[in-house]
Amino acid sequence: MIFQDPALSLNPRMTIGAAVGEPLQVRGIAKGRALDTRVSQLLASVGLRPEDARRYPHQFSGGQRQRIVIARALSVEPSLVVCVSASHAPACMDAAFGAAQWI
């Protein structure tokens, strides 16, 4: 689940690399070098640089923090991702996403 305000979803004392990698560690999917590689891939997939993994949430813009929580949500390869928005959810959907995907 991805919430509208990423600041509430990120621990300010954790680097974003640790935050993105945490679900992988908890589920036993990756550790060590494999974890670092997967975190780098996830960050790159949302338009961030792998070296950004050493930075803290307050060092990113709101849009970048949103991409960080998206990377974290995608880390465990879910079959469904729920994005929660307080207002105008259908109106702000990307046209490419398509109304058929809206549940």
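Presented here is a report on the structure given in the accompanying data block. (Residues numbered from 1 in each chain as written. Predicted model: local features only at pLDDT ≥ 70, side-chain atom pairs only at ≥ 80, totals over all residues. Heavy atoms only, no water.)

### Focus on the overall build of the chain
For the chain, the count of helices and strands is three helices and two strands. Listing the helices and strands of the chain from first to last along the sequence gives β-α-α-α-β. As displayed, the chain offers around 6800 Å² of accessible surface, 55% of which is attributable to carbon and sulfur atoms. (Helix = DSSP H or I, 4+ residues; strand = E, 2+ residues; numbered from the N terminus. Areas by Shrake-Rupley, 256 points an atom, 1.4 Å probe, with all protein chains shown as cover.)

### So, the side chain of Asp52
Its location among the elements puts Asp52 in the loop between helix H2 (32-45) and helix H3 (62-74). According to the relative accessible area criterion, Asp52 is buried, its value standing at 3%. (Buried < 20%, exposed > 50% of the residue type's maximum accessible area, 1.4 Å probe, protein only.)

### A word on H3
With 13 residues, H3 extends 19 Å from end C-alpha to end C-alpha; this agrees with the ideal 18 Å at 1.5 Å per step. Considered for burial, the residues of H3 that qualify are Arg65, Ile68, Val69, Ala71, Arg72 and Ala73. (Expected span 1.5 Å × (residues − 1).)

### Here we look at a nonpolar patch on the surface
Taken together, the side chains of Met1, Phe3, Leu80, Val82 and Val84 make up a nonpolar region of the molecular surface, amounting to roughly 470 Å² of accessible area. If you trace the backbone, Val84 turns up in strand S2 (residues 83-84). Residue Val84 is classed as partly exposed on the basis of its relative accessible area, which comes to 33%. (Patch = residues over 30% accessible without salt bridge, like charges linked within 9 Å, V, L, I, M, F, W, Y side chains within 5 Å. Salt bridge = Lys/Arg side-chain N within 4 Å of Asp/Glu carboxyl O.)

### Description of the packing of aromatic side chains
Applying the stated criterion across every chain yields a total of zero aromatic pairs. The aromatic ring of Phe60 is capped on one face by Arg55, whose charged end is 4.1 Å from the ring centroid. (Phe/Tyr/Trp six-rings, centres within 6.5 Å; stacked < 30°, edge-to-face > 60°. Lys NZ or Arg CZ within 6 Å of the ring centre and 35° of its normal.)

### Structural notes on the packing of helix H1 (residues 16-26) against H3
Packing of H1 against H3 leaves a shortest axis separation of 7 Å and a crossing angle of 25 degrees. Judged on the interaxial angle alone, H3 and H1 are roughly parallel. For the pair H1 and H3, the sense of crossing is right-handed. Judged by residue contacts, Ile16, Ala19, Val20 and Pro23 of H1 engage Ile68, Ala71 and Arg72 from H3. Its residues placed into classes, the contact of H1 with H3 shows six nonpolar, no polar and one charged. (Axes fitted to C-alpha atoms, helices over the stretch in contact; angles between N-to-C directions. Parallel < 35°, antiparallel > 145°, perpendicular 65-115°, else oblique. Left-handed = near helix turned anticlockwise from the far one by under 90°. Contact = heavy atoms within 4.5 Å. Nonpolar A, V, L, I, M, F, W, Y, C, P; charged D, E, K, R; others polar.)

### Quick notes on the environment of Cys83
In this structure, Cys83 sits in strand S2. Sequence spacing of Cys83 and Ile2 is 81 residues, and the spatial spacing of their C-alpha atoms is 4.6 Å.

### Some words on the nonpolar core
Grouped together as the largest cluster of nonpolar side chains are 19 residues, with contacts concentrated most on Val20, Val39, Leu43 and Ile68. Elements with a minimum of two residues in this core: H1, H2 and H3. In contact with Ile68, not counting residues within four places along its chain, are Leu10, Ile16, Val20, Leu48 and Phe60. (Core = buried A, V, L, I, M, F, W, Y, C linked by side-chain atoms within 4.5 Å.)

### Here we look at the side chain of Thr15
Inspection of the secondary structure assignment puts Thr15 in the loop between strand S1 (2-3) and H1. At a separation of 3.4 Å, a polar atom in the side chain of Thr15 contacts the main-chain carbonyl oxygen of Ala53. Not counting chain neighbours up to four residues away, the residues in contact with Thr15 comprise Ala53, Arg54, Arg55 and Tyr56. (Polar contact = N/O pair within 3.5 Å; in protein donor to acceptor, adjacent residues only side chain to side chain.)

By themselves, these figures tell us nothing about what the structure is for.
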